[in-house]
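Residues per chain, in single letters:
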Amino acid sequence: MSKRALPTLIALILAGLWGAGLGFAHWRGNLWFLDRVEATMTDLRTLVRGPAKPPELMTIVAIDDETVRREGTYPLSRATLARLVDTIARLGPKTVALDLLLVDPGAKDNDEALARSLSGGASVIAAAAVYPGGEQWTVGEGPIARVPNAERFLWPLKAFSDAAAVGVVNVVTDKTGTPRFVPLLFRAGDRLEASFPLRVAAVAAGEDPEIAPDRLSLGGRSIRTDIGHILPLTFYGPRGTIRTISAATVLDGQLDPGTIRDRIVVIGATATGTGDVFPTPFDPILPGVEVISTAIAHLMAGDAIVRDQSVRLADAGFAVVLPMVLVGLLAWRRNAGGLAAIAGVILIWFVVNMAAFWHHIWLSAALPMTAAVPPAILFGAAQLWLGRSRAQFFATQSQLLQRVEAPGMGEWLAKHGDFLSDPVRGDAAILFIDLSGFTGLSETLGPVATRELLNGFHALVGEEVTSCGGVVTSFMGDGAMILFGLPEPAANDAFNAARCCVGLSSRTNDWLASLPASTASRLGFKIGAHHGTIVASRLGGEARQHIAAIGDTVNVASRLMEIAADQNAEVAVSDKMLDVAGRDCALFKSGTLKGPVETQIRGRSGSLAIWLWQSARTARP
């Protein structure tokens, strides 16, 4: 086996094992930490699929704002509910289901009236599960360990539960509050209860459901369920997608009998302020009665989205195969062709996933992504590291360039790796430029604006210096040190330095003029320039180095900036530098040059003849 094949084989095995571990945990229902990602991906797929036509067997009778306005209060009185149930029952529905908790006693006559109405036909009322510690989803041990375990049930009044079938109305929501599942069974201790949708569907079908480990049979139809006998929800559309009529219309007797006859009628609250609403992909405030009606429709029509153990097993298969395929493609070709092949595989997986969702099969999107991305990234990084010998020359160049801060030196250092490893003494022209007023301004600008301001200044300095043949040896916040004489000294270094002084002055003035007036009015600049002997070398450790120039010439050039600032000049240049640059240099050809003047330099004995230069645009008459 080749040296290249062995690491690839190991990577394939590890990728497969990683995917298998995730797949097994998903098959067992233990990947809760991926629920948020999966919920987002499911919402996106639902929106791409678009609204769907609900089955015609459902009608919602909504206790809406109009009904509450007419009644004058919410909840509706038991007498009004009795009249509502009686009116519906006379039109021949399959069953009447009240998505309302009737746990508190009302007026005795009204309660008796509602009990009589419920007992007059096939009806279902709601109970609620109370979870320990407020936790919505808890599990226990034993054959029904995955069935939601409630602390207790809020049961309707006995008069009502004796008159109608009862089902638990709770749904399972994700972290965003979106209903994802409806448990079909609930337990509290040893007591097992059917959910409200299952009880309604069973009453409508006229038979009890047969429960199997991952499915149930009802009305001759097999309905596949997820772990813990939960039914995944897929919404038909925004509120009102399932046929909805106002309870006020029913009470007025103005409804079409065809909307009730042979249908499952669910009565529930949609009025503003009732609080029974949920966010869904299609609607941020879908009434709870429509969520429950969606679950009932799934049970009756068999159009629920399917995620059971067999689908989870398919997810586990994708979790194993996809990372191995991606790792194999990375090992096969590490170029544009390989990347195109990887993109093709991901596209095929996406199409398969979307097509399955379109056909009501809920393949996980988060699991294959989690299984595939880390191995692909790690293997790609390992491939780059293992291929370092092929890129050694380029890595050497990169390291050298990263160890030196001077712009414009990259090409020279790539050819002369030992440049300045020993100090070099020679003549050079030194320039310093610094912004005036920047420190005070930066205190008011804030970090982002300060950074943008410095970026613009550094960019223009770098461009101008490079065009004049110099080197920026360092940027010092709002200033820069510039050297003419590296990587090799030249006879025209001083001449080029003088040209750079004029160019920097012009570019900086233009840059200041482009700034907002409130900023430009607080900024200025000064330049100091000198020519003489320096010592150049590389300073720093092996991990990081920079070019440094030291000596009296450097100190004098830096002090000349102070002279320029004191004299309101843009450039202070030594007589020696002008003498070396010659009368044809740019400082003589443009602007106003005054001098020489014998001047005392701070920190230096004796005086120095200097010249002061001002550009034509800022020179005073």
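The rules we used
- Residues numbered from 1 in each chain as written.
- Predicted model: local features only at pLDDT ≥ 70, side-chain atom pairs only at ≥ 80, totals over all residues.
- Heavy atoms only, no water.
- Helix = DSSP H or I, 4+ residues; strand = E, 2+ residues; numbered from the N terminus.
- Expected span 1.5 Å × (residues − 1).
- Buried < 20%, exposed > 50% of the residue type's maximum accessible area, 1.4 Å probe, protein only.
- Phe/Tyr/Trp six-rings, centres within 6.5 Å; stacked < 30°, edge-to-face > 60°.
- Lys NZ or Arg CZ within 6 Å of the ring centre and 35° of its normal.
- Salt bridge = Lys/Arg side-chain N within 4 Å of Asp/Glu carboxyl O.
- Pairing = 2+ DSSP bridges.
- Axes fitted to C-alpha atoms, helices over the stretch in contact; angles between N-to-C directions.

Trainee: Account for helix 10 (residues 309-332), with residues named and values stated.
Mentor: Under the 1.5 Å per step criterion, the end-to-end length of helix 10 is 34 Å for 24 residues, consistent within 8% with the ideal 34 Å. Val311, Arg312, Asp315, Ala316, Ala319, Leu322, Pro323, Leu326, Val327, Leu329, Leu330 and Ala331 are the residues of helix 10 that are buried.

Trainee: How would you summarise the packing of aromatic side chains if you had to cite specific residues and measurements?
Mentor: Enumeration according to the criterion identifies six aromatic pairs in this entry. Both rings, one in Phe588 and one in Trp611, keep their centres 6.0 Å apart while their planes meet at 70°; by these two values the pair is edge-to-face. With Phe588 in helix 21 (residues 586-589) and Trp611 in strand 25 (residues 607-614), this residue pair connects regions lying 23 residues apart in the sequence. Owing to a relative accessible area of 25%, Phe588 belongs among the partly exposed residues under this scheme. Against the face of Trp362 rests Arg307, its NZ or CZ located 4.2 Å from the ring centre.

Trainee: How would you summarise helix 4 (residues 78-89) if you had to cite specific residues and measurements?
Mentor: Its twelve residues give helix 4 an end-to-end C-alpha distance of 16 Å, which sits within 8% of 16 Å, the value for a rise of 1.5 Å per residue. Looking at helix 4, one finds that the buried residues are Arg78, Thr80, Leu81, Ala82, Leu84, Val85, Thr87 and Ile88.

Trainee: Give a description of the pattern of salt bridges that names residues and reports values.
Mentor: Going through the model one piece at a time under the given rule, you end up with 21 salt bridges. Close ionic contact of Glu56 with Arg243 constitutes a salt bridge, the shortest N to O distance being 3.5 Å. Of the two residues, Glu56 sits in the loop between helix 2 (35-49) and strand 1 (58-63) while Arg243 sits in the loop between strand 13 (230-232) and strand 14 (244-246), which places them 187 residues apart along the sequence. Arg243 gets classed as partly exposed once you look at its relative accessible area, which sits at 35%. Between Arg78 and Asp111 there is a salt bridge whose closest N-O contact spans 2.8 Å. Residue Arg78 is located in helix 4, and its partner Asp111 is located in helix 5 (residues 108-119); the two are separated by 33 residues in the primary sequence. Using a relative accessible area of 13% as the deciding quantity, one classes Arg78 as buried. According to the relative accessible area criterion, Asp111 is buried, its value standing at 10%.

Trainee: So, the sheet that holds strand 10 (residues 210-212): which residues are in play, and what are the values?
Mentor: As summarised here, the arrangement of the three strands in space is 10-11-12, forming an open sheet in which the pairing is antiparallel. What marks the edges here is a single partner per strand, and that holds for strand 10 and strand 12 (221-224). Direction aside, neighbouring strands of the sheet carry axes that sit 20° apart on average. Across four bridges, strand 11 (residues 215-218) lies against strand 12 in antiparallel orientation. In the sheet register, Arg215 faces strand 12, and the bridge partner there is Arg224.

Trainee: How would you explain the pairing of strand 1 if you had to name every residue and give the values?
Mentor: Of all six residues in strand 1, six are buried; the element is thus mostly enclosed. Burial along strand 1 is two-sided: Met58, Ile60 and Ala62 and Thr59, Val61 and Ile63, pointing in opposite directions, are all buried. Bridge count between strand 1 and strand 15 (residues 264-269): six bridges; the pairing is parallel. Counted as the bridge partner of Ala62 is Gly268 from strand 15. Relative to strand 14, strand 1 runs parallel, the two sharing three bridges. By the bridge assignment, Ile60 is partnered in strand 14 with Thr244.

Trainee: Hey, could you go over unusual backbone geometry for me, with residue numbers and the actual values?
Mentor: With an omega of 5°, the peptide bond between Tyr74 and Pro75 qualifies as cis. By the element assignment, Pro75 lies in the loop between helix 3 (65-71) and helix 4. For His229, which is not glycine, the phi torsion reads 55° and is therefore positive. Positionally, His229 belongs in the loop between strand 12 and strand 13. Taking relative accessible area as the criterion, His229 reaches 13% and is therefore assigned buried. The phi dihedral of Asn568 is positive, around 55°, even though this residue is not glycine. Turning to its location among the elements, Asn568 is positioned in the loop between helix 19 (552-566) and strand 23 (571-574).

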